[in-house]
Amino acid sequence: MPPYQKFKASESSHYSPQRDLSKDDIMIKEGQRHLEASCEVIISVLREKRLPEPTLMELHKELSSKQYTTVLSRSQQYIQCLPSPEGAVLMLTSGWESLCRLNAIRLKQVKRQWQQIKLAQEPGDLREASRFCQEVSEECAASHLGLYKVNAWKNRLTHIRNTTDRLKEKRRKSVSL
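Basis of the calculations
Residues numbered from 1 in each chain as written. Predicted model: local features only at pLDDT ≥ 70, side-chain atom pairs only at ≥ 80, totals over all residues. Heavy atoms only, no water. Salt bridge = Lys/Arg side-chain N within 4 Å of Asp/Glu carboxyl O. Helix = DSSP H or I, 4+ residues; strand = E, 2+ residues; numbered from the N terminus. Buried < 20%, exposed > 50% of the residue type's maximum accessible area, 1.4 Å probe, protein only. Expected span 1.5 Å × (residues − 1). Core = buried A, V, L, I, M, F, W, Y, C linked by side-chain atoms within 4.5 Å. Contact = heavy atoms within 4.5 Å. 1 Å grid on protein atoms, 1.4 Å probe; cavity = no way out; pocket = protein on both sides within 12 Å on 5 of 7 lines; lining within 4 Å. Points joined across faces, edges and corners; volume = space filled by probe spheres on them. Nonpolar A, V, L, I, M, F, W, Y, C, P; charged D, E, K, R; others polar.

1. Observations concerning the pattern of salt bridges
For the structure shown, the criterion picks out 10 salt bridges. Residue Arg 74 is joined to Glu 62 by a salt bridge in which the shortest nitrogen-to-oxygen separation is 2.9 Å. In this pair, Arg 74 sits in helix 3 (residues 68–79) while Glu 62 sits in helix 2 (residues 53–64), placing the two residues 12 residues apart along the sequence. On the basis of relative accessibility, which here comes to 15%, the residue Arg 74 falls in the buried class.

2. A word on helix 3
With 12 residues, helix 3 extends 16 Å from end C-alpha to end C-alpha; this agrees with the ideal 16 Å at 1.5 Å per step. Inspection of helix 3 places Tyr 68, Val 71, Leu 72, Arg 74, Ser 75, Gln 76 and Ile 79 among the buried residues, and these make up the whole buried set.

3. Side note on the nonpolar core
Counting residues in each nonpolar core, the largest one holds 28 residues, and the members touching the most others are Leu 72, Ile 79 and Leu 92. At the level of secondary structure, the elements contributing two or more residues to this core comprise helix 1 (18–48), helix 2, helix 3, helix 4 (86–118) and helix 5 (126–176). Of all the elements, helix 4 adds the most residues to this core, at eight residues. Leaving out residues up to four positions away in the same chain, Ile 79 has contacts with Ile 42, Leu 46, Pro 85, Ala 88, Leu 92 and Trp 153. If you look at the next biggest cluster of nonpolar residues, it comprises six residues, including Phe 132, Cys 133, Val 136 and Cys 140.

4. Description of the side chain of Thr 55
One can find Thr 55 in helix 2. Residue Thr 55 is classed as buried on the basis of its relative accessible area of 16%. When sequence neighbours within four positions are dropped, the list of residues in contact with Thr 55 reads Arg 74 and Tyr 78.

5. What to know about the layout of surface pockets
Taken as a whole, the second largest pocket encloses approximately 170 Å³ of empty space. What lines the second largest pocket is simply Thr 69, Ser 73, Gln 76, Gln 77, Gln 80, Trp 96, Ala 142, Leu 145, Gly 146 and Lys 149. Along the lines of polarity and charge, the residues of the lining of the second largest pocket split into three nonpolar, six polar and one charged.

If you want it as structure tokens, here you go:
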């Protein structure tokens, strides 16, 4: 069970904006669907690039167990070994952005539930809620770090491509003189 569901307000709760929780739950499900689709595309790209089948199966297993950070991190390591990773980098960027959005929604929901427990408007163990809030915060930070790394890599690739293009242009000009 995903951790954010542990502290979901029950029907008998005094927490009144039940609509917000339902809205968050819907947004989380949509975010998970989008993220899983991004991961599937990334795995398909890796399959096209002839990554070994056992490795692809491991990625699918991690994806089915919702270990999104692991799937994206490992995929990024494999894609960095490819000779021309530009298209795959865009897919990775989309995956990391999806994970960041999903974790932000989860963190918002968990913090709201932690606040309700703290104010005694919802039953629950405050220590457990605090611990869980910390876990989700760490997951959020890890996804932002992954996004930062893939963006830095994308910028390096762009810089290399631009430098290569400029050097080719200089050669063409010098040959034509």
